[in-house]
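Structural description and commentary
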Amino acid sequence: MHIVAALGGNALLRRGEALTEAAQHENVRHAATQLAALVAEGHRVTLTHGNGPQVGLLALQAEAGPAGSAQTLDSLDAESEGWIGYLLEQELANALPEGMEIATLLTRIEVAADDPAFAKPSKPIGPVYDEATAKRLANERGWHVAPDGKYWRRVVPSPTPKRLLNAGGIACLTGAGIFVICAGGGGIPVARDAAGKWRGVEAVIDKDSSAALLAEQIGADLLILLTDVPAVYLDYGTSAQTALREATPDELLAHCFAAGSMGPKVRAACGFVQATGRRAAIGRLEDAVAIAAGMAGTLVRR
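Because the structure is predicted, anything quoted here is derived from the model rather than measured. (Residues numbered from 1 in each chain as written. Predicted model: local features only at pLDDT ≥ 70, side-chain atom pairs only at ≥ 80, totals over all residues. Heavy atoms only, no water.)

With that settled, the discussion passes to the nonpolar core. In terms of nonpolar packing, the biggest core is built from 41 residues, with Leu164, Leu223, Leu225, Val232, Leu252 and Val266 touching the most fellow members. At the level of elements, strand E1 (2–7), helix H6 (167–175), helix H7 (207–217), strand E12 (222–227), strand E13 (232–234), helix H9 (262–276) and strand E16 (279–284) are the ones that each hand at least two residues to this core. Element by element, the count of residues in this core is highest for H9, at 7 residues. Among the domains, domain 1 (11–121 + 157–220) and domain 2 (227–301) are the pair contributing at least three residues each to this core. Discounting residues that sit within four places of it in the chain, Leu223 has contacts with Val4, Ala211, Ala212, Ala215, Ala268, Ala269, Phe272, Arg279, Ala280 and Ala281. By size, the runner-up hydrophobic cluster in this structure holds 39 residues, among which are Val28, Trp83, Val156 and Ala296. (Core = buried A, V, L, I, M, F, W, Y, C linked by side-chain atoms within 4.5 Å. Buried < 20%, exposed > 50% of the residue type's maximum accessible area, 1.4 Å probe, protein only. Helix = DSSP H or I, 4+ residues; strand = E, 2+ residues; numbered from the N terminus. Domains from an automatic or database assignment. Contact = heavy atoms within 4.5 Å.)

In structure tokens, the structure reads:
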């Protein structure tokens, strides 16, 4: 079975954890072990991942440089895609069977230049802050900030992905048995200008939306959105919380889920199932093999 697996940001850096090289290496090493287990079960895997903490850190570092040296978000998206892709490729090379080829690809993704998301930033990036610090930084740096769980973070525009521009190449590599890491951090957002030329745009695409589009364009059999909770829950965080083991898109979309965490995953999973008729699942990284077998997580299907 061909699986597109999407690693959530918490698989690379746990919420509230210091953004250190050592912490990221340890988390990536653990993720690689779980992904290698999927390959050992006979599945072909194409991998994508988040970049929220990392791209935010790169933005802070760029702002601290000499005047005029700050980079645009699309360039930082590309930089974070290479950074995280390197970490994943290194640890996967240690975990996968000897000789298995791995390729990490920078991935441009088309968005609409007039997407309404540009007027309403919503994608959290960078480190977490308390409310007072977040609002002070917003005032000093011209940021938009918003709550993210019990913390606050900077938020940036997150337009809807329309098309992966190198999906054909990804499909060819995957079909040749190569483990491909691509569309990292949601990919690099680009749009055509008035002259019809491709230009990068200041945004960070939601990783789950890009993963669903990737799975659709390369014909994956199953989309797995890996996170840090065992399943999709109704009434999450309350004494009445209930895990959903199986649901249709209509059943899931009848409920409201947290905008900054489970909401995007549910919408992406449902969108993939509605567009293709194939299956999607949401669950814990540690349960990846069981999720693929339909024994864990929340299965979304018609």
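From this point, things continue past the structure.
So, on to the packing of aromatic side chains. Taken as a whole, this structure holds 2 aromatic pairs when the rule is applied. Between Tyr129 and Trp143 the ring centres are 6.3 Å apart and the planes differ by 45 degrees, which places this aromatic pair in the tilted class. With Tyr129 in strand E5 (residues 123–129) and Trp143 in the loop between helix H5 (131–141) and strand E6 (144–148), this pair connects stretches of sequence that are 14 residues apart. A single burial state applies to Tyr129 and to Trp143, both of which are buried. Taking the centre distance of 5.7 Å and the plane angle of 45 degrees together, the rings of Tyr233 and Tyr236 count as tilted. Accessibility expressed as a relative area gives 16% for Tyr233, which makes it buried. Residue Tyr236 is classed as exposed on the basis of its relative accessible area, which comes to 54%. (Phe/Tyr/Trp six-rings, centres within 6.5 Å; stacked < 30°, edge-to-face > 60°.)

Pairing in this open sheet of 8 strands is mixed, and the strands run E3-E9-E2-E1-E12-E16-E17-E15 from one edge to the other. The sheet terminates laterally at strand E3 (102–104) and strand E15 (246–247), the two strands that pair on one side only. Sheet strands touched by helix H4 (residues 73–95): E1, strand E2 (44–49), E3 and strand E9 (179–181). Its angle to E3, the strand with the most contacts, is close to 170 degrees. Of the strands in this sheet, E1, E2 and E12 are in contact with H7, which crosses E1 at around 170 degrees. (Pairing = 2+ DSSP bridges. Axes fitted to C-alpha atoms, helices over the stretch in contact; angles between N-to-C directions.)

Turning to empty space enclosed by the protein, a few remarks are in order. Taken as a whole and judged by the stated rule, the model has 1 cavity of 30 Å³ or more. In this structure, the largest cavity spans a volume of roughly 50 Å³. Around the largest cavity, the lining residues are Gly56, Ala59, Leu60, Ile125, Gly126, Pro127, Tyr129, Trp143 and Arg154. By residue number, the principal contributor to the lining of the largest cavity is E5, which donates 4 residues. (1 Å grid on protein atoms, 1.4 Å probe; cavity = no way out; pocket = protein on both sides within 12 Å on 5 of 7 lines; lining within 4 Å. Points joined across faces, edges and corners; volume = space filled by probe spheres on them.)

The strand order E8-E4-E10-E11 describes an open sheet built from 4 strands, whose pairing is mixed. Bordering the open sheet on either side are strand E8 (163–164) and strand E11 (198–200), each of which pairs with just one other strand. Pairing of strand E4 (residues 108–110) with strand E10 (residues 188–192), which is carried by 3 bridges, proceeds in the parallel orientation. Counted as the bridge partner of Arg108 is Ile188 from E10.

A few words now on the packing of helix H3 (residues 52–63) against H4. At a closest axis distance of 9 Å, the pairing of H3 and H4 adopts a crossing angle of 125 degrees. Here H3 lies oblique to H4, going by the angle between them. Considering only the axes of H3 and H4, their crossing is right-handed. Side by side, H3 and H4 meet where Gln54, Val55, Leu57, Leu58 and Ala59 of the first sit next to Leu76, Asp77, Glu79, Ser80, Trp83 and Ile84 of the second. In terms of residue class, the contact of H3 with H4 is made up of 7 nonpolar, 2 polar and 2 charged. (Parallel < 35°, antiparallel > 145°, perpendicular 65-115°, else oblique. Left-handed = near helix turned anticlockwise from the far one by under 90°. Nonpolar A, V, L, I, M, F, W, Y, C, P; charged D, E, K, R; others polar.)

Moving on, we get to the side chain of Asp115. With respect to the secondary-structure elements, Asp115 resides in the loop between E4 and E5. It turns out Asp115 is buried and unbridged, and the closest side chain with the opposite charge, Lys162, is 8.3 Å from it. A distance of 2.9 Å separates a polar atom in the side chain of Asp115 from the backbone nitrogen of Thr160. In this structure Asp115 touches Pro159 and Thr160, once residues within four positions along its chain are discounted. (Lys, Arg positive; Asp, Glu negative; His and termini not counted. Salt bridge = Lys/Arg side-chain N within 4 Å of Asp/Glu carboxyl O. Polar contact = N/O pair within 3.5 Å; in protein donor to acceptor, adjacent residues only side chain to side chain.)

This part is about the state of the cysteines. Inspection of every chain in the model, using the stated rule, returns 0 disulfides. Lacking any disulfide linkage, Cys172 is separated from the closest cysteine sulfur, that of Cys182, by 13 Å. With relative accessibility at 1%, the residue Cys182 sits in the buried group. (Disulfide = S-S within 2.5 Å.)

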